[in-house]
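Below, each chain spelled out in residue letters.
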Amino acid sequence: MYQRELVGELARRIEEPRKFIQIVIGPRQTGKTTAVEQAMAKTQQVVYFASADDPLAVSGDWIKSEWAAARSLALGPQSDGGTGALLVIDEIQKIENWSAYVKLLWDEDARNDINLRVVLTGSSTLMLRKGMNESLMGRFEVLYSTHWSFEECRDAFGYSLEDFLYYGGYPGSASLIGQGKRWMDFMRDAIVEPTISLDVLQMESVQKPALLRSLFLLGTSYSAQELSLTKIMGQLQDAGSTATLAHYLELLGKAGMLCGLEKYSPQLVRSRKSSPRFMTFDTSLMSFSTASQRGRLESDPSWKGHLVESAVGAYLLARSKSEGFTVQYWRDRGNEVDFVLKKGNQLTCIEVKSGRVKSLDGVAAFKKRYPEANSLVIGGSSRSLEDFLLGKYPLFSLYEA
């Protein structure tokens, strides 16, 4: 079975001396549980696995009970004379106030010198982040299970570049390539609806669920395009205020579905006041929201162009989580650049030649305004889209491996 880099990294951290809780987070259907199980198979430690999908997992008492069972393994003969054990709790965010119980039990083990390592996973990035920030500061490290990259889908499932542009990076849908209705049904029933209903609406106060759903469909349909929240209010029924739309867009971003890229400006206030450029975290969501068939890639160059730009944007957003850079866009007086990356003092502008007629004047204007910036033009013979999505070009002039 194919193994992501995430598996090796988690396996290495499991073998380290007990210091941090390892928390694996990411959108639904990206293979978090599978990755953890593969990492578990690599360790020589005694492993205790528990899932909060268990119907009995309804309160913090369940966490205490499972933790106690894992402690007994860490102290018992199965752990080779009390040398430790590994506790894995899957979908931890389903337990109300989970982080307070984890903090209490983790700190008890530290005081009593109990060598119990802990791995937690969860699909609801919203709820996990809330608990981590409230209770577990200084006690955890995060590993991201992002949508699968083109390289991973190519190596694991034999995707062509066109397959990846349309079907995106959800591994569970790979077996449904070429089965249009079944693929659409899977996207709706296994990804879109559970994410909105369970990871967003049940975890946050959303007064207008229908508006949030409409924003998702509109935003993913217009991925890689700049739209002001004021203007799109006219396209959404019961839209409320721009503040409401901005809040819902933030929630969709935390759920790994749709975000609004801010316009790059050294002045933070001006950046935040800009109209967002919608960007989906996976191109399959764009295919789903527009109800497009795969043949549209050949028949509609404009749509394919937005799909290509969205694939680049999704790739950059995935890398930004672990590599610590921001992803924005830039526009000024008719000149624009698709993406602007900032990492410390390093700055890179990226223009995507996606088949649509596009001028490179924006790159020249950006370089004139910010001469220290590196620039990349993706597409064509010099830097192909395929090679870029395979990670063959450094994003910054001072490249960090």
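All figures in this text were calculated on a predicted structure; none of them were measured in a lab. (Residues numbered from 1 in each chain as written. Predicted model: local features only at pLDDT ≥ 70, side-chain atom pairs only at ≥ 80, totals over all residues. Heavy atoms only, no water.)

1. What to know about the packing of aromatic side chains
Step number 1: The full count for this structure, using the stated rule, is 13 aromatic pairs.
Step number 2: Seen in terms of ring centroids, phenylalanine 150 and phenylalanine 164 are 5.7 Å apart; in terms of plane orientation they differ by 50°. Their pairing is tilted. Note that phenylalanine 150 is positioned in helix 6 (residues 150-157) and phenylalanine 164 in helix 7 (residues 161-167), a separation of 14 residues in sequence.
Step number 3: Its relative accessible area of 2% is what places phenylalanine 150 among the buried residues.
Step number 4: Between tyrosine 166 and tyrosine 167, the ring centres sit 4.8 Å apart and the planes meet at 85°, which makes this aromatic pair edge-to-face. The residues tyrosine 166 and tyrosine 167 share a single accessibility class, namely buried.
Step number 5: By the ring-pair criterion, three or more aromatic residues cluster together here, those being Tyr2, Trp148, Phe157 and Tyr159.
Step number 6: A cation over an aromatic ring shows up here: arginine 18 above the ring of tryptophan 106, its NZ or CZ 3.5 Å from the ring centre.
Step number 7: Sitting over the face of the ring of tyrosine 393, arginine 383 holds its NZ or CZ atom 6.0 Å from the ring centroid. (Phe/Tyr/Trp six-rings, centres within 6.5 Å; stacked < 30°, edge-to-face > 60°. Helix = DSSP H or I, 4+ residues; strand = E, 2+ residues; numbered from the N terminus. Buried < 20%, exposed > 50% of the residue type's maximum accessible area, 1.4 Å probe, protein only. Lys NZ or Arg CZ within 6 Å of the ring centre and 35° of its normal.)

2. A word on the pairing of strand 1 (residues 21-25)
Step number 1: Among the five residues of strand 1, five are classified as buried, and the element is accordingly described as predominantly covered.
Step number 2: Burial along strand 1 is two-sided: Ile21, Ile23 and Ile25 facing one way and Gln22 and Val24 facing the other are all buried.
Step number 3: As paired strands, strand 1 and strand 5 (residues 140-144) are joined by five bridges and run parallel to one another. Each residue of the ladder has a partner; that of glutamine 22, found in strand 5, is glutamate 141.
Step number 4: Relative to strand 4 (residues 116-122), strand 1 runs parallel, the two being bridged by four bridges. Residue isoleucine 23 lies in a different strand from strand 4, and its bridge partner there is leucine 120. (Pairing = 2+ DSSP bridges.)

3. Points about empty space enclosed by the protein
Summary: where empty space remains is shown by rolling a probe the size of a single water molecule over the atoms.
Step number 1: Across all of its chains, the model carries two cavities of 30 Å³ or more by this definition.
Step number 2: In this structure, the second largest cavity occupies an estimated 30 Å³ of space.
Step number 3: Forming the walls of the second largest cavity are Pro27, Arg28, Tyr170, Ile191, Thr195, Ala255, Gly256 and Met257.
Step number 4: For the lining of the second largest cavity, the class distribution of residues is five nonpolar, two polar and one charged. (1 Å grid on protein atoms, 1.4 Å probe; cavity = no way out; pocket = protein on both sides within 12 Å on 5 of 7 lines; lining within 4 Å. Points joined across faces, edges and corners; volume = space filled by probe spheres on them. Nonpolar A, V, L, I, M, F, W, Y, C, P; charged D, E, K, R; others polar.)

4. Describing the sheet that holds strand 5
Step number 1: Across the sheet, five strands lie side by side as 2-3-4-1-5; this open sheet has parallel pairing. Across the chains shown, the open sheet's two edge strands, defined by having one partner strand only, are strand 2 (46-51) and strand 5. Averaged over all neighbouring strand pairs, the angle between strand axes comes to 20°, with direction disregarded.
Step number 2: Running at roughly 165° to strand 5, helix 1 (residues 5-15) makes contact with strand 1, strand 3 (85-90), strand 4 and strand 5 of the sheet. (Axes fitted to C-alpha atoms, helices over the stretch in contact; angles between N-to-C directions. Contact = heavy atoms within 4.5 Å.)

5. Brief notes about the packing of helix 3 (residues 60-75) against helix 4 (residues 98-111)
Step number 1: At a minimum axis distance of 9 Å, the contact between helix 3 and helix 4 shows a crossing angle of 30°. Judged by the inter-axis angle, helix 3 sits roughly parallel to helix 4. Along this stretch, helix 3 crosses helix 4, giving a crossing that reads as right-handed. Taking contact as the criterion, the partners of Gly60, Ile63, Lys64, Trp67 and Arg71 in helix 3 are, on helix 4, Trp98, Tyr101, Val102, Leu104, Leu105, Trp106, Glu108 and Asp109.
Step number 2: In the contact of helix 3 with helix 4, the residues fall into eight nonpolar, one polar and four charged. (Parallel < 35°, antiparallel > 145°, perpendicular 65-115°, else oblique. Left-handed = near helix turned anticlockwise from the far one by under 90°.)

6. Comments concerning the side chain of glutamine 45
Step number 1: Its place among the elements puts glutamine 45 in the loop between helix 2 (32-42) and strand 2.
Step number 2: Glutamine 45 sits in the buried class, given a relative accessible area of 15%.
Step number 3: A distance of 3.2 Å separates polar atoms of two side chains, one belonging to glutamine 45 and the other to arginine 117.
Step number 4: Other than its neighbours up to four places away in sequence, glutamine 45 contacts Ile14, Glu15, Ala85, Leu86 and Arg117. (Polar contact = N/O pair within 3.5 Å; in protein donor to acceptor, adjacent residues only side chain to side chain.)

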